[in-house]
Amino acid sequence: MNPAPVRVQHFSDILCVWAYAGQIRVDELQATFGDMISLDCHFIDVFGDTAGKISSAWGERGGFAGFAAHVQATARQFDHVRVHPELWTREVPASSLSCHVFLRAVKLVEDDAGPADAFRHAIWAVREAFFRDLVDISRRSAQLEIADALGLDTAAIAAGIDSGRAHAALSGDHALARAQDIRMSPAILLNDGRQQLRGNVGYRVLEANVRELLHNPAVEASWC
């Protein structure tokens, strides 16, 4: 009998540059392990109030201009991502929360009627729209344009938002993050929260943790 898939819980804020650069590692986990893992993506509130966050964290370090320079320097460490030169200085989203609600609505559509992987593709499309193309992804019009380009049912997505179902799903993400004390984007939980990998963690570390959990029966303690 095949072992139960290893549950991988991924937490991020859609506006986090580290999550943008790190999504390739999560995608590689899925490609490598397939149905041996169960990947759940959740959202946390890091940039729920972008003006407030930048004021408190970067107010004495140049504000939005200082943060923009930091993001550009971070992105230059990764060959596989592109960042618009005016990122965080023009077309700045007011909040990541509206986009998280939109993506939760995409997941509802995927769960209700498909297509498969709509959620995963939408997450990447939204990240690229913001970081590479300087789209204000906090706006509903921009979100629905992305959904339409992906061939998704925009009416069903809007209905999921308007009904409150997407908000309820996002509330569940926030409750789970609080329960696991997740405050950093990105973060990965394994082994029912016993193993927590936070921040810019390399792929081989993620892979080693998953392989160890696959190797050990569920009743045994992991040696990771």
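So, a few notes on the structure that sits alongside this text. (Residues numbered from 1 in each chain as written. Predicted model: local features only at pLDDT ≥ 70, side-chain atom pairs only at ≥ 80, totals over all residues. Heavy atoms only, no water.)

1. Some details on empty space enclosed by the protein
Item 1. In total, this model carries one cavity of 30 Å³ or more according to the counting rule given.
Item 2. The space that makes up the largest cavity amounts to roughly 100 Å³.
Item 3. If you trace the largest cavity, you find it lined by His-10, Gly-22, Arg-25, Val-26, Pro-186, Ala-187, Ile-188, Leu-197, Gly-199, Asn-200, Val-201 and Leu-206.
Item 4. Looking at the lining of the largest cavity, the elements that each hand over two or more residues are α1 (17-33) and β3 (187-190).
Item 5. With three residues, α1 is the largest single contributor of residues to the lining of the largest cavity.
Item 6. Across the lining of the largest cavity, the residue classes tally to seven nonpolar, four polar and one charged. (1 Å grid on protein atoms, 1.4 Å probe; cavity = no way out; pocket = protein on both sides within 12 Å on 5 of 7 lines; lining within 4 Å. Points joined across faces, edges and corners; volume = space filled by probe spheres on them. Helix = DSSP H or I, 4+ residues; strand = E, 2+ residues; numbered from the N terminus. Nonpolar A, V, L, I, M, F, W, Y, C, P; charged D, E, K, R; others polar.)

2. Examining the packing of helix α2 (residues 50-58) against helix α3 (residues 63-75)
Item 1. Interaxial distance between α2 and α3 falls to 9 Å at its minimum, and their mutual angle equals 85 degrees. The orientation of α2 with respect to α3, classified from their angle, is roughly perpendicular. Residues Thr-50, Ala-51, Ile-54 and Trp-58 of α2 pack against Gly-63, Phe-64, Gly-66, Phe-67 and His-70 of α3.
Item 2. The class makeup of the residues in the contact of α2 with α3 is five nonpolar, four polar and no charged. (Axes fitted to C-alpha atoms, helices over the stretch in contact; angles between N-to-C directions. Parallel < 35°, antiparallel > 145°, perpendicular 65-115°, else oblique. Contact = heavy atoms within 4.5 Å.)

3. So, the packing of aromatic side chains
Item 1. Taken as a whole and assessed by the stated rule, the structure comprises eleven aromatic pairs.
Item 2. For the ring pair Phe-64 and Trp-88, a centre distance of 6.3 Å and an interplane angle of 25 degrees mean the geometry is stacked. On the criterion of sequence distance, the pair formed by Phe-64 in helix α3 and Trp-88 in the loop between α3 and α4 (97-113) is long-range, its members being 24 residues apart.
Item 3. The partly exposed category is assigned to Phe-64, whose relative accessible area is 28%.
Item 4. When the centroid spacing of 5.3 Å and the interplanar angle of 80 degrees are considered together, the rings of Trp-88 and Phe-130 count as edge-to-face. One end of the pair, Trp-88, is in the loop between α3 and α4; the other, Phe-130, is in helix α5 (residues 118-131), and 42 residues separate them in sequence.
Item 5. Residue Trp-88 is classed as buried on the basis of its relative accessible area of 1%.
Item 6. Judged by relative accessible area, Phe-130 falls into the buried class, the value being 1%. (Phe/Tyr/Trp six-rings, centres within 6.5 Å; stacked < 30°, edge-to-face > 60°. Buried < 20%, exposed > 50% of the residue type's maximum accessible area, 1.4 Å probe, protein only.)

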